[in-house]
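# Structure at a glance
Spelled out from the first residue to the last, the chains are:
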Amino acid sequence: MAHSIVGRVIDAQQRPVPGIKLQAIPKGDLTGPPPVLGEAVSDGGGRFSFPIEEASLASRLAHLGRNPPVRLRVLDASGQEIFTTRAHPIDWQLEFRIYLGGGSKVPDAPNLYAKGIRRMIADSRDAGLGSSAIKTFEGKDTEPAEGGWKKSLGVVQHTLQGAEIDDSADMMFAVLDGLMLNTVESTPVKIMGYDGAQVPRHAWAAPDNQAIIWPRKEPFKWD
Amino acid sequence: MGLIRGIEEMPPRKERYEVLTDDVVETADVCVIGSGAGGAVAAHALAKAGKSVVLLERGGYYEGRDMNQRDMDMVPLLWKDGGMNFDDALTIAIAQGACLGGSTVINDAVCFDPPERVRAEWRALGVNFSDEEWAEHLARVRSMIHVGRVTEEELNRNNRMLRAGAKRLGLRDHWENERNCVNCMQCGFCHNGCHYDTKQNMLVTYLHDALAGPGDLRIYCSCQAEQLLTGGGRVEGVEGRFLDADGHERFRIRVNARAVVVSAGAIASSFLLLRNRIASATAGRGVVLHPSVLMVGLFPYEIKPNQGIPMAYSVHDFGVNRRQEISRTEYGCADGEFMIESIALPLLEFSMGMPGGPLKHHEFLAKFNHLAIAGMMARDQSRGRVSIASDDRQSFVYEVGPADRKSLAKASEIVGKMWFALGAERLATRHPAVPFVNRPEDLPVLTDAILNHADRMKLAAAHPQSGNAIGADPARSTVDGDCRVHGLSNLVVADASVFPNAVGVNPQVTVMVVASIAAARMVRDWDARYAAQPVSASTGRTGTLDAPMHFGREALARAIETAPHARAISALLTADNGTPTAPSWSIDPATLEITNDATWHGFFARDEKLPPETSPLGAGFFHRFHAEGDKVQGTCYAVGAKDPTPIVAEEHVAPLVGKCLLVEYPEAPHRKFTEVLKVIDDRRILGRLFEGRPDGGRRVFDFVLARRYPFEFLTAEDHERLFERTSAPDRATLPGVWEGYLAGDGGRSAVLFHYRYRGDGKNLLNDFRLGKKVHGSAAVATDERGTGTRPAAIGFWDELRAVNADWMIGKLHAPKDQLKEWVPSEGEWATHGADVDTVRIVLHRIADPPAVKD
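These numbers were taken from a predicted model, which means no experiment stands behind them. (Residues numbered from 1 in each chain as written. Chains lettered and ligands numbered in written order. Predicted model: local features only at pLDDT ≥ 70, side-chain atom pairs only at ≥ 80, totals over all residues. Heavy atoms only, no water.)

### Some remarks on the overall build of chain A
Using the following cut-off: Every helix listed is a DSSP run of H or I at least four residues long, and every strand listed is a run of E at least two residues long, numbered separately from the N terminus. Relative accessibility thresholds used throughout: buried, under 20% of the residue-type maximum; exposed, over 50%; partly exposed, between the two (1.4 Å probe, protein chains only). Whether two residues are in contact is decided by their heavy atoms: any pair within 4.5 Å suffices.
Each helix and strand in chain A was counted, giving six helices and nine strands. Evaluated residue by residue, chain A yields a buried proportion of 42% over its 223 residues. In chain A, once contacts between residues fewer than 6 apart in sequence are set aside, the share between residues at least 24 apart is 60%.

The structure is reproduced here in structure tokens:
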């Protein structure tokens, strides 16, 4: 089966960028300069498309036993490398959308997401949600017994490592939300094959490259 | 050049941004509340017309690079109530933006022109916009937000599934959407904000253009507008608070303007009007939502619905943009209108909307890449209502009526048929009673469940509209043809709340056009109607040298160090040489400002956390001064202390503070303390308490002394005097919602209780709510104990006095030690008798009867 790579390049002002050279290279080649598996130059609309022949992948396929991961090297008109994308296993079709507007790293940029969970809780309490749960805890006449919900929170806290804990229901919600975040960001999503976020979590601290990679395992039935 | 100000440190911003360090008092031609599709357009038009504009936005200022495509990070930052925004019954999740740019930041960028059919309906309902106005402003809006048609290559597989399904069913009116997105990167995370700034939301279009000038636009983020101050048939100012991520007040703002534009969205605008007792009989009534459901098909081939533009194709055969009636007739839909749109949600958002037990849920989500998803949106005939609950919370009640159930059932059936026609193995619905449909023959089970048990459906809505409808009759509408609130000469509402009914398509363009027309009419009428409006000089409840009792801690500290000490030591002397007499106390009946020339009343900064060693000073204090030969001496009355403490004042120069007065406490146990005072004028003093001497001692806290102060700071002594001078309220004037707090010498408590009076003068009931634990309903009695509530089962009783139409004071008595249960830190507030404890209460009317939830 032939593989293809398609995509588009735009700049920071959302304009298509013609004349950008895109080269598909394999990931993790330690024996020397990586071979170019295929290449193309973006057209007037910033679009590019090129095939990758099965033959060029054959040895890697035999070695890995699965489709080898490839990256896209992005070069300007003078041949200067702008960046290389992260890798993704080659597929029937890989679609790369390249954004040349990532910006530079700002190491000391405030982390806007650090308080996100607490903000959600404050807002939901403003809206009157969760008040019954909060009441349940506030209404307790005595200290919770050893081994009660406080201990459970301790276990959860240990899981999250280092989160500050207190007796409030706010903290409990924060911990649970943190667990959900952990869960969502980890294994189950990967098992589902869902292609999630395409950018670094904190783009100011780690701008990396700006590329969306959409793999297509099979042709669309209705095309 | 414009400016954005907020309370949070941010990464580098594209617009000029400043972090606030203090309360704000602003004067402008126009104050706009809300920065979404309505507010941003109105602010832009007014600023470009040369008006100075102050814009208040509840949410924060986030740009593309901040938007990291992760639901768990972005929903709390960008969505109202962190995404947990529901009607009262928690049956409809309402998606709204709460960030600079409003819902335009988190929507799917779908653009529909105001439909011809709807414009004709609205004309009949009193909307007087001419065809020329519609056309001119629509063209402006389309140009500003770069509306363009989705191209064939931008249609992802999920969108193509809807197109293929519509063709299979022989539908006729379906096409690619128009969107306000330039060269979309097609990442599919529109609901989490556009990381690449290709979505042409309000921030990157109207607000960016207005901030670039010419014009004067100042934007305040994280600012919740709360009070519209009215008087004389006009709004004279807006007051609000800057709230941090935890919902705590950081700073306050007062905006004095010639005109005010409310554009906070259909629900928030309605609540703001009602909470300020504006249009109480009409505001918030008739809110529509476009209630929506999803229909998900599971297919044996790959779709990957999240890859690409989520909402790029729609079916209009049954909606307001239909070009023919054949489909409606064929499918029996002639009595309702609805639209079918492709939709794909990020995984977490999607999973939260799907019913089914955990195992089934997981099994279905594991096949996410094989799902096709479409949304069905009813042009609702049901009407919701925004009102004020008896505990002062916003209430929103909405019930899906029979006609809309029928629309949703029919729409679900049609999309179900589409998916089965394309080979779906099964369907997932949002009805818990029928979470899955395995065969086409089972579709009637689903439609039956929707028709008969719609209250169990998981509905979503993203388009709250109407509630403050345009109309000529003030008894039936909130705003006139120019979107100006009936009865108020300078208050305009410019958002979806002025729609007379549901627009039937994604409404952002219509909102922008309506706001553009409303703003253009303001500019047109400026000289005749607005230019001559007086601009108040009030600083409201912000901390200023004029009203230092409102200062926050940091601002008070700065003021003490920078304000000039402007009076001689003799200015300290209190009336009657320090011996209080009745004539030295008065209250201004117009402003309710209290004057007490016999006493300097002590105030702490509004966010002061008092150190324990200052007790009992922490409960409040007074200073009185008299001349003793050539010396000024006095007494400090610390509330709770048995005896007053002598103090002596003299001229001094202190480090940091400069020229000031030094106050010493010559007697134990207070001997270790000293104060420095700066006398601002005859009624205001700023002070700092030290443990030790000012040069080298430890600063304990800063304070204010005043002989004239606002009513909200009335002391126990003031309360007693006023209680004696006033009489019981007229029972007939009581109905409505009142919020209550406790008055004491250390300041006022937070709002701790609510009374809702209902009925008439004869049969009057009070639905009371004390703290978080006690609530109930009891008759209001007038007997030998005065007028008040007497719930026998609970045991408290109160006696009330009317201060004016909107303020009452009173005493609330409860059996011994019972108040400890109800009122936090009651020791500061209560007086204790042999069998009964008493607190002094202050009640402020916050809602009129028509605005209150039934």
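### Re the domain arrangement of chain B
Residues and elements named next belong to chain B. How we decide: All the domain ranges listed were derived from an automatic or database domain assignment. The salt bridge criterion pairs a side-chain nitrogen of Lys or Arg with a carboxyl oxygen of Asp or Glu, the two atoms within 4 Å. Gly falls in the polar group here, along with every residue not listed as nonpolar (Ala, Val, Leu, Ile, Met, Phe, Trp, Tyr, Cys, Pro) or charged (Asp, Glu, Lys, Arg).
Taken domain by domain, chain B comprises domain 1 (3–145 + 180–288 + 465–530), domain 2 (292–458), domain 3 (548–709) and domain 4 (716–851). For the interface between domain 1 and domain 3, the tally reads three salt bridges. Taken together, the residues of the side of domain 1 that touches domain 3 break down into one nonpolar, one polar and five charged.

### Some remarks on the sheet that holds strand β34 (residues 698–706) of chain B
Residues and elements named next belong to chain B. Which entries qualify depends on this criterion: Strands were regarded as paired on the criterion that DSSP finds at least two bridges between them. Lines fitted to C-alpha atoms define the axes here, with helix axes fitted over just the stretch in contact, and angles between the N-to-C directions of these axes take values from 0 to 180 degrees.
In space, the eight strands of this closed barrel follow the order β27-β28-β29-β30-β31-β32-β33-β34, with antiparallel pairing throughout. With strand direction ignored, the average angle separating the axes of adjacent strands in the sheet is 35°. In this sheet, strand β30 (residues 645–654) lies alongside strand β29 (residues 631–638) in antiparallel orientation, the contact comprising five bridges. Residue pairing in the sheet places threonine 635 in a bridge with proline 646 of β30.

### A word on the nonpolar core
Across soluble globular proteins, nonpolar side chains have a tendency to be buried as a group. Residues and elements named next belong to chain B. What counts, and what does not: In these notes, a set of buried Ala, Val, Leu, Ile, Met, Phe, Trp, Tyr and Cys residues joined through side-chain atoms within 4.5 Å is what counts as a nonpolar core.
Grouped together as the largest cluster of nonpolar side chains are 198 residues, with contacts concentrated most on Leu228, Ile340 and Trp419. Among the elements that line this core, the one with the most residues is helix α13 (residues 508–524), at ten residues. Among all residues touching leucine 228, those that are not within four sequence positions of it are Ile33, Val235, Gly237, Val238, Val260, Val262, Leu272, Leu273, Asn276, Ile278 and Leu491.

### Regarding the side chain of His290(B)
Residue and element names in this part refer to chain B. Inclusion rule: Throughout this description, a polar contact denotes any pair of N or O atoms lying within 3.5 Å of each other; where both atoms belong to protein, one of them has to be capable of donating a hydrogen while the other can accept it, and for residues adjacent in sequence the pair is counted only when both atoms sit in side chains.
Of note, histidine 290 is situated in the loop between β14 (285–287) and β15 (292–298). With a relative accessible area of 1%, histidine 290 lands in the buried category. A distance of 2.9 Å separates the side chain of histidine 290 from the side chain of histidine 463, its partner in a polar contact. Among residues more than four places away in sequence, those in contact with histidine 290 are Met377, Ala378, Arg379, Asp380, Ala460, Ala461, His463, Gln465, Ala502, Val503, Gly504 and Val505.

### A look at the packing of helix α11 (residues 402–421) of chain B against helix α12 (residues 443–452) of chain B
Packed helices, taken two at a time, are described by the angle between their axes plus the distance between the axes. Residue and element names in this part refer to chain B. For clarity, the cut-off: If an angle is under 35 degrees, it is roughly parallel; if it is over 145, roughly antiparallel; if it lies from 65 to 115, roughly perpendicular; otherwise it is oblique. A crossing counts as left-handed when the near helix is turned anticlockwise from the far one by less than a right angle, and as right-handed when that turn is clockwise.
The contact between α11 and α12 brings their axes to 8 Å, and the two run at 160°. Considering their axes alone, α11 and α12 lie roughly antiparallel with respect to each other. The handedness of the crossing between α11 and α12 comes out as right-handed. Between α11 and α12, the residues in contact are Arg405, Lys406, Leu408, Ala409, Ser412, Glu413, Gly416, Lys417 and Phe420 and Leu443, Leu446, Thr447, Ile450, Leu451 and Asn452, respectively.

### A look at the pattern of salt bridges
Residue and element names in this part refer to chain B. Inspection of every chain in the model, using the stated rule, returns 80 salt bridges over all chains. The partner of lysine 406 in a salt bridge is aspartate 335, and the shortest N-O contact between them spans 2.8 Å. Linking lysine 406 in helix α11 with aspartate 335 in the loop between α8 (326–330) and β17 (338–342), this pair joins segments that are 71 residues apart in sequence. In this structure, a network of salt bridges that share partners links the residues Arg117, Glu121, Arg322, Glu325, Arg328, Glu337 and Arg379.

### Here we look at the sheet that holds strand β8 (residues 93–100) of chain A
Residues and elements named next belong to chain A. Pairing is mixed across the open sheet formed by four strands, whose spatial order is β4-β1-β8-β9. Only two strands of the sheet have a single partner each, and these edge strands are β4 (47–52) and β9 (211–216). The mean angle between the axes of side-by-side strands here comes to 15°, regardless of whether they run parallel or antiparallel. When strand β1 (residues 3–11) meets β8, the two strands line up parallel, connected through eight bridges. Within β8, the position partnered with serine 4 by the bridge is glutamine 93.

### Some words on the environment of Gln533(B)
Residue and element names in this part refer to chain B. Along the chain, glutamine 533 turns up in the loop between α14 (526–530) and α15 (553–562). For glutamine 533, a relative accessible area of 8% puts it in the buried group. Sequence separation between glutamine 533 and arginine 258 is 275 residues, and the spatial gap between their C-alpha atoms is 5.3 Å. Sequence-distant contacts of glutamine 533, defined by excluding residues within four places in its chain, comprise Arg234, Arg258, Ser489 and Asn490. Side chain to side chain, glutamine 533 and arginine 234 meet in a polar contact 2.6 Å long.

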